[in-house]
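These are the residues of each chain, in order.
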Amino acid sequence: MEEAKVKLVLNSVEVTASTSMTVAALLLREGVPSRRSISGEDRSPVCSMGVCMECRVWVDGRKVRSCLVECREGMEVRTDG
């Protein structure tokens, strides 16, 4: 059985994801870092269970841990703050 797909916006680009995929998994698939450190280095999810805080992004205007949020239709994800 094929998984349900949703369309969402990632940094102003429309992408398609599975409904069972977390936003963190989508970022990894798309090769997009979740944020940059103070020194400018790319940061990505480390623990994938909400503890490390490295995967923080903006989803629909709210700062969230991307590893705890599943992709849903029409959501807007921003990594630029």
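Computed from a predicted structure; not experimentally measured.

## Looking at unusual backbone geometry
Okay, step 1: Of note, Asn11 is a non-glycine position whose phi angle comes to about 50°, a positive value.
Okay, step 2: Using a relative accessible area of 28% as the deciding quantity, one classes Asn11 as partly exposed.
Okay, step 3: Positive phi, close to 75°, is recorded for Ser12, a residue that is not glycine.
Okay, step 4: For Ser12, a relative accessible area of 72% puts it in the exposed group.

## Thoughts on the pattern of salt bridges
Okay, step 1: Under the definition given, this model contains 6 salt bridges.
Okay, step 2: Note that Arg35 is salt-bridged to Glu54, the shortest N-O span being 3.1 Å. In this pair, Arg35 is assigned in strand S3 (residues 35-36) and Glu54 in the loop between strand S4 (42-43) and strand S5 (56-59), connecting sequence segments 19 residues apart.
Okay, step 3: Here Arg36 ties to Asp42 by a salt bridge, and the two come within 2.0 Å at their closest N and O atoms.

## Quick word on the sheet that holds strand S2 (residues 13-18)
Okay, step 1: Taken together, 5 strands build an open sheet; the order of strands is S2-S1-S7-S5-S6 and the sheet is mixed. At either end of the open sheet lies a strand with only one pairing partner, and these are S2 and strand S6 (62-65). In this sheet, adjacent strand axes meet at a mean angle of 40° when their direction is disregarded.
Okay, step 2: Both S5 and S6 contribute to a ladder of 4 bridges, which runs antiparallel. The partner of Arg56 across the bridge, within S6, is Arg65.
Okay, step 3: Along the sheet face, helix H1 (residues 23-30) touches strand S1 (5-10), S2, S5 and strand S7 (76-78) and points at about 120° away from the line of S2.

## Concerning H1
Okay, step 1: Taken together, the buried positions of H1 are Val23, Ala24, Leu26 and Leu27. For H1, the buried positions fall inside an angular range of 160° around the axis, keeping them on one side.
Okay, step 2: On its buried face, H1 sits against S1, S2, S5 and S7.
Okay, step 3: Phi turns positive one or two residues past the end of H1, at Gly31, with a value near 70°.

## Considering the pairing of S1
Okay, step 1: Burial along S1 is one-sided: the face carrying Val6, Leu8 and Leu10 is buried and the face carrying Lys5, Lys7 and Val9 is not.
Okay, step 2: Two elements, S1 and S2, share 6 bridges in a ladder whose sense is antiparallel. Bridging from a neighbouring strand, Lys5 pairs with Ser18 of S2.
Okay, step 3: Between S1 and S2, which pair antiparallel and follow one another directly, the connecting turn spans 2 residues, one of which, Asn11, has a positive phi of 50°.
Okay, step 4: Sheet topology note: the S1/S7 ladder contains 2 bridges and is parallel. Bridge pairing links Val9 to Glu76 in S7.

Cut-offs applied
Residues numbered from 1 in each chain as written. Predicted model: local features only at pLDDT ≥ 70, side-chain atom pairs only at ≥ 80, totals over all residues. Heavy atoms only, no water. Buried < 20%, exposed > 50% of the residue type's maximum accessible area, 1.4 Å probe, protein only. Salt bridge = Lys/Arg side-chain N within 4 Å of Asp/Glu carboxyl O. Helix = DSSP H or I, 4+ residues; strand = E, 2+ residues; numbered from the N terminus. Pairing = 2+ DSSP bridges. Axes fitted to C-alpha atoms, helices over the stretch in contact; angles between N-to-C directions. Contact = heavy atoms within 4.5 Å. Arc of directions from axis to C-beta.

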